[in-house]
Amino acid sequence: MVHTTMNDAKSWYDNSEVNEFFLNACGDEFNHIGIYEDPNNIQTGGLRATQELLSGIEFKVPGSSTSKRVLDIGSGYGGTARYLADLFGCSVDCVNISTLQNKVNQRKNDEQKLNHLIQIFEADFAQLPFADATYDVVIAQDCLLDAVSKERVFREVHRVLKPQGLFVMSDLTRRDESEVVRAAILQRKWGLGEIVSTQSYLSLGYTVGFQLIRYNDFSENLAIGYADDVDAWADASRQMKTLSQERRQFEQQVFQSWCDAGKAGYLCLSYFRFKKIG
Ligand SMILES: C[S@@+](CC[C@H](N)C(=O)[O-])C[C@H]1O[C@@H](n2cnc3c(N)ncnc32)[C@H](O)[C@@H]1O
């Protein structure tokens, strides 16, 4: 695993107060922006987002009882892995850097008797501990924004996919590179990655050897999801003792700017589906 410092994705997600905040704000299944039919119920949107991201993919090998081999990177609390294991009997490997989240994932897999199908690897998605051409489908949901080098992750995903395998990802993206859009979106710091433009993911996919087969925009959900985070963070951060006041205030501004940029149409929620060529 890549060595991590105190101010990076691992220390952020493994801070117990931050973990509590996410559990309260999003629940212990999905930690991504949902597709909200009922804006008052933030947690039901998470499953809808997973269903939409994976819609139309055949997770059973046609004409056989065998299921496809799936990898979920930046897998959070494992809700998407359990969804696939439960519905299709898929064998799913989860890669996630957070020890606290992996513990929740393991506990829920044990409780739901899905642990024979789901394996959790505490690792960095920029350095996947798997052989070439192992998986039929790789999923990355709302997690590549944390990647310091998007290119390294794309190259790793491409390496571990079988030929014709699918890479499905959802992420926050900047609508374009204009000054007004750049200024509206506050970028994270303390070692977390940056939000990049929609076009830069499309170019990266092409550069590493993927073909884009589907793109959807669900940006209207951003303002709903982040308005909720703004309120939840304000409540949680009043009690926090381990993060500096500077950092707590900064994170509040980040959530607010993403909410406002979502409303203004500057920040997008982009769903990409790539196929490995060859
Ligand atoms: C916003 S959460 C999304 C979680 C999950 N994909 C979901 O949709 O519920 C981002 C996830 O990326 C993980 N992550 C961030 N940087 C990572 C890295 N370098 N390697 C592996 N996982 C990472 C975090 O631990 C967290 O689980």
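The shown structure was predicted, so the numbers you read here are calculated from the model rather than taken from an experiment.

S.K.: With reference to specific residues and values, describe the state of the cysteines.
M.R.: Counted under the stated rule, the structure contains 0 disulfides. No disulfide involves Cys94; its sulfur sits 11 Å from that of Cys143, the nearest cysteine. Judged by its relative accessible area of 0%, Cys94 is buried. The thiol of Cys259 is not disulfide-bonded; the next cysteine sulfur, from Cys26, is found 14 Å away. Here Cys259 falls in the buried class, since its relative accessible area comes to 3%.

S.K.: Lay out the environment of Asp86 with the relevant residues and their values.
M.R.: Assignment of secondary structure puts Asp86 in helix H4 (residues 79–88). Separated by 178 residues in the primary sequence, Asp86 and Ala264 have C-alpha atoms spaced 38 Å apart.

S.K.: Account for the sheet that holds strand E7 (residues 267–276), naming residues and giving values.
M.R.: Across the sheet, which stays open at both edges, the 7 strands sit in the order E3-E2-E1-E4-E5-E7-E6 with mixed pairing between neighbours. Two strands in the sheet have a free side with no partner beyond their single neighbour: strand E3 (118–122) and strand E6 (210–217). Between one strand and the next, the sheet's axes are offset by a mean angle of 15°, whatever the strand orientation. Relative to strand E4 (residues 135–141), strand E1 (residues 69–73) is paired through 4 bridges, and the arrangement is parallel. Looking across to E4, one finds that Ile73 is bridged to Ala140. Strand contacts of helix H5 (residues 99–111): strand E2 (91–96) and E3, with the helix running at about 170° to E3, the strand carrying the most contacts. Along the sheet, helix H8 (residues 198–208) makes contact with strand E5 (161–174), E6 and E7, crossing E7 at roughly 10°.

S.K.: Kindly report on the site of the ligand, identifying the contributing residues and their values.
M.R.: Taken together, 19 residues form the shell around the ligand, and within it Asn31, His32, Gly74, Asn96 and Gln101 come nearest. One nitrogen or oxygen atom from the side chain of Asn96 is found 2.6 Å from an oxygen atom belonging to the ligand. Relative to its unbound accessible surface of 590 Å², the ligand loses 94% to contact with the protein.

S.K.: Go over the packing of helix H3 (residues 44–54) against H4, please, and point to the residues and values.
M.R.: Contact geometry of H3 with H4 gives a least axis separation of 10 Å together with a crossing angle of 60°. Between H3 and H4 lies a crossing whose hand is right-handed. Taken together, the residues of H4 that come into contact with H3 (itself represented by Leu47, Thr50, Gln51 and Leu54) are Thr80, Tyr83 and Leu84. Of the residues contributing to the contact of H3 with H4, the split by class is 4 nonpolar, 3 polar and no charged.

S.K.: Give me the pattern of salt bridges: which residues, what numbers.
M.R.: As enumerated under the stated definition, the model contains 19 salt bridges in all. In this structure, Arg174 and Glu177 form a salt bridge, with 2.6 Å as the shortest nitrogen-oxygen distance. When its relative accessible area of 40% is taken as the criterion, Glu177 is described as partly exposed. Of the charged contacts, one joins Arg175 and Asp176 as a salt bridge, the two residues approaching to 3.1 Å between their closest N and O atoms. Taking relative accessible area as the criterion, Arg175 reaches 41% and is therefore assigned partly exposed.

Parameters and conventions
The residue numbering used here restarts from 1 in each chain and proceeds along that chain's sequence as written. Reporting of local features is limited, given that this is a predicted model, to residues whose pLDDT is at least 70; pairs of side-chain atoms are given and counted only at 80 or more, and all residues count toward the totals for whole chains, interfaces and linings. The basis for every side-chain value is the complete set of heavy atoms in the structure, and neither hydrogens nor water enter the calculation. For this text, the term disulfide refers to a pair of cysteine sulfurs within 2.5 Å. Type-normalised accessible area, obtained with a 1.4 Å probe on protein chains alone, sets the label of each residue: buried when under 20%, exposed when over 50%, and partly exposed for intermediate values. Helix and strand definitions here come from DSSP, where helices need a minimum of 4 consecutive H or I residues and strands a minimum of 2 consecutive E residues; each element is numbered from the N-terminal end. Pairing between two strands requires that DSSP report at least two bridges joining them. The angle between two axes is taken between their N-to-C directions and runs from 0 to 180 degrees, where each axis is a line fitted to C-alpha atoms and a helix contributes only its stretch in contact. In what follows, residue pairs with any heavy atoms lying within 4.5 Å of each other are defined as contacts. Being near a molecule or strand, for a residue, comes down to having at least one heavy atom within 4 Å of it. Each polar contact in these results corresponds to two N or O atoms within 3.5 Å; when the atoms are within protein, one needs to be able to donate a hydrogen and the other to accept it, and residues that are neighboring in sequence are counted only if both atoms are side-chain atoms. Shrake-Rupley sampling with a 1.4 Å probe provides the accessible areas, and residues are treated as covered by the protein chains on show and by no other component. Helix crossings get a hand from a simple test, with the near helix turned counterclockwise from the far one by less than a right angle marking a left-handed crossing and a clockwise turn marking a right-handed one. Each residue gets one of three labels, nonpolar for Ala, Val, Leu, Ile, Met, Phe, Trp, Tyr, Cys and Pro, charged for Asp, Glu, Lys and Arg, and polar for the others, Gly among them. Salt bridge, as used here: a side-chain nitrogen of Lys or Arg that lies within 4 Å of a carboxyl oxygen of Asp or Glu.

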